Amino acid sequence: MISLAGRDILHSWGKFVLTGVGLGLLIGVTLTMAGVYRGMVDDARALLDNSGADLWVVQQGTQGPYAESSSLRDDVVRSVLGLPGVARAANVTYLTMQVREGASPMRVEAREVRAMIVGFEPGQPGEPGYLVAGRHITRGHYEAVVDVRTGYKLGQLIRIRRHDYMVVGLTQRMVSSGGDPMVFIPLKDAQEAQFLKDNDAILNDRARTAANPALNRPGVPGLLEAIQASQVANRNVNTVLVQVQPGVSAQTVAEPIRRWKHLEAYTRVQMEEILVAKLIATSAKQIGMFLVILAIVSAAIVAFIIYTMTLGKIREIAVLKLIGTRNRTIAGMILQQALGLGLIGFVVGKVSATFWAPIFPKYVLLEVNDALLGFGAVMVICALASTLAIRAALKVDPAAAIGG
């Protein structure tokens, strides 16, 4: 039997294909939005994986170094190391800021990159797990390992606060929960960058302290100097990353930390819930709204074009009815056209999303399951959108074929 849908599509194939391409671009945007959400979740999990920690010890009453501000004294790590079941523990700082290229007489304007600065101790949790080029940090100051997405190269100078750092290593997929690439520097340098005040603020604080008679007593030598020295000391970190011994539950180690150390301790499962269910929850809702809107727009486009094509062949449908063609056949023709339009649109959308996903500044993760789900949704939307045209076709009077 000759396919009525196929013959009709060939009759106006240009309009049909152009409509399919337009629909495909919408579908491509929809798949990309889903990929952005998947990428955000994957970034959050990559952040936890890259830390190498089983427990995150943070300031009491906070939700960790990634979702909220947390400040601990750096001597807390010693008390954590003494707990049963702890294999390793290390201080780490996190600071998101603009990093720019180091001063160069050949450059007028330095390029800036928003990055997460990670201060870590070499050989301890928090160190980048692997490098794609260069070496790990070996000096105590002014060396950096950067993610390749920063765009910086080996041997290049980058400026963080007041100091220049030499890029000695490159790593990959080391990003924050927001997708910002990471820059790893020694812990002492990171503490200075995050907690140390600028020179003018230090001078002002010293002047205020000297002018305070309670802190500058003539009969107590050395008091003023001790207080001023404490004002410029950097003894804070954001978290202590803990690795537990094999066979030991992270929750078992976390309980005494919460009870006796007056700190908060989160396991991997708890930290992932904070990042995924709380930190990116609002973005997930926004993406969900966009997906709903795009689905409605896609359905409207399919319904409109199929309905327009159906109205354009009212006489032909009347002729089919006049020669005894069943309503099921006519409805099937329109449904096949709608599904064909959806198929073209999905293919164009999938190819488009795959092509432009690597260009996005944020990581876009296109999963096969999302593509299959999207294909099913497109077919369902197209089938539902065709009902308006089917109803119009079934109402056509066969007499219209000879009635002028």
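Conventions adopted
- Residues numbered from 1 in each chain as written.
- Predicted model: local features only at pLDDT ≥ 70, side-chain atom pairs only at ≥ 80, totals over all residues.
- Heavy atoms only, no water.
- Phe/Tyr/Trp six-rings, centres within 6.5 Å; stacked < 30°, edge-to-face > 60°.
- Helix = DSSP H or I, 4+ residues; strand = E, 2+ residues; numbered from the N terminus.
- Buried < 20%, exposed > 50% of the residue type's maximum accessible area, 1.4 Å probe, protein only.
- Salt bridge = Lys/Arg side-chain N within 4 Å of Asp/Glu carboxyl O.
- Axes fitted to C-alpha atoms, helices over the stretch in contact; angles between N-to-C directions.
- Left-handed = near helix turned anticlockwise from the far one by under 90°.
- Contact = heavy atoms within 4.5 Å.
- Nonpolar A, V, L, I, M, F, W, Y, C, P; charged D, E, K, R; others polar.
- Arc of directions from axis to C-beta.
- Pairing = 2+ DSSP bridges.
- Core = buried A, V, L, I, M, F, W, Y, C linked by side-chain atoms within 4.5 Å.
- Lys, Arg positive; Asp, Glu negative; His and termini not counted.

1. Structural notes on the packing of aromatic side chains
Applying the stated criterion across every chain, the model contains 4 aromatic pairs. An angle of 65° between the planes, with centres 5.0 Å apart, marks the rings of Tyr 66 and Tyr 94 as edge-to-face. Residue Tyr 66 is located in the loop between strand S1 (55-58) and strand S2 (72-73), and its partner Tyr 94 is located in strand S3 (residues 86-101); the two are separated by 28 residues in the primary sequence. Judged on exposure class, the residue Tyr 66 and its partner Tyr 94 are both buried. Between Phe 346 and Phe 375, the ring centres sit 5.1 Å apart and the planes meet at 65°, which makes this aromatic pair edge-to-face.

2. Regarding the pattern of salt bridges
According to the stated counting rule, one finds 12 salt bridges in the structure shown. As a salt-bridge pair, Asp 42 and Arg 173 come within 2.6 Å of each other at their nearest N and O atoms. In this pair, Asp 42 is assigned in helix H2 (residues 13-51) and Arg 173 in the loop between strand S8 (163-171) and strand S9 (182-186), connecting sequence segments 131 residues apart. For Asp 42, a relative accessible area of 26% puts it in the partly exposed group. Given a relative accessible area of 25%, Arg 173 falls into the partly exposed group. In this structure, Glu 192 and Arg 162 form a salt bridge, with 3.6 Å as the shortest nitrogen-oxygen distance. Here Glu 192 is found in helix H4 (residues 187-195), whereas its partner Arg 162 is found in the loop between strand S7 (157-160) and S8, with 30 residues between them in sequence. A residue is classified by how much of its surface remains accessible, and Glu 192, at 21% relative accessible area, is partly exposed. Judged by its relative accessible area of 34%, Arg 162 falls in the partly exposed class.

3. Considerations on the packing of helix H11 (residues 327-356) against helix H12 (residues 368-394)
The interhelical angle for the contact between H11 and H12, taken along N-to-C directions, is 145°, at an axis separation of 8 Å. Viewed along their axes, H11 and H12 form a crossing whose handedness is right-handed. Each of Asn 327, Ile 330, Ala 331, Ile 334, Leu 335, Ala 338, Leu 339, Gly 342, Leu 343, Phe 346 and Lys 350 in H11 lies in contact with H12, whose residues at this interface are Ala 371, Gly 374, Phe 375, Val 378, Met 379, Cys 382, Ala 383, Ser 386, Ala 389, Ile 390, Ala 393 and Leu 394. Its residues placed into classes, the contact of H11 with H12 shows 18 nonpolar, 4 polar and 1 charged.

4. Comments concerning helix H10 (residues 314-322)
Among the residues making up H10, those that are buried are Ile 317, Ala 318, Leu 320 and Lys 321. Viewed along the axis of H10, the buried residues span an arc of 160°, placing them on a single side of the element. Trailing H10 by a residue or two, Gly 324 shows a phi angle of about 95°, which is positive.

5. Comments concerning the pairing of S8
Where strand S5 (residues 133-134) lies against S8, 2 bridges are found, and the strand directions are antiparallel. Counted as the bridge partner of Gly 134 is Gly 169 from S8. Sheet analysis places S7 next to S8, joined by 4 bridges and oriented antiparallel. Note that in S8 the partner of Ile 158 across the bridge is Tyr 165. With antiparallel pairing between neighbouring strands as the criterion, S7 and S8 make up a hairpin whose turn holds 2 residues, including Arg 161 at a positive phi of roughly 55°.

6. Details of the nonpolar core
Counting residues in hydrophobic clusters, the biggest one holds 29 residues, and the most contacted among them are Ile 27, Val 302, Ile 306, Ile 334, Leu 341, Phe 346 and Val 378. Residue assignment for this core shows that the elements contributing at least two residues are H2, helix H9 (281-311), H10, H11 and H12. Discounting residues that sit within four places of it in the chain, Val 378 has contacts with Ile 27, Gly 342 and Phe 346.

7. Digging into the side chain of Asp 180
If you trace the backbone, Asp 180 turns up in the loop between S8 and S9. Despite being buried, Asp 180 has no salt bridge partner; Arg 114 is the closest side chain of opposite charge, sitting 4.0 Å away. Those residues within four positions of Asp 180 in sequence are excluded, and the remaining contacts are Thr 96, Arg 114, Ala 115, Met 116, Met 174 and Val 175.

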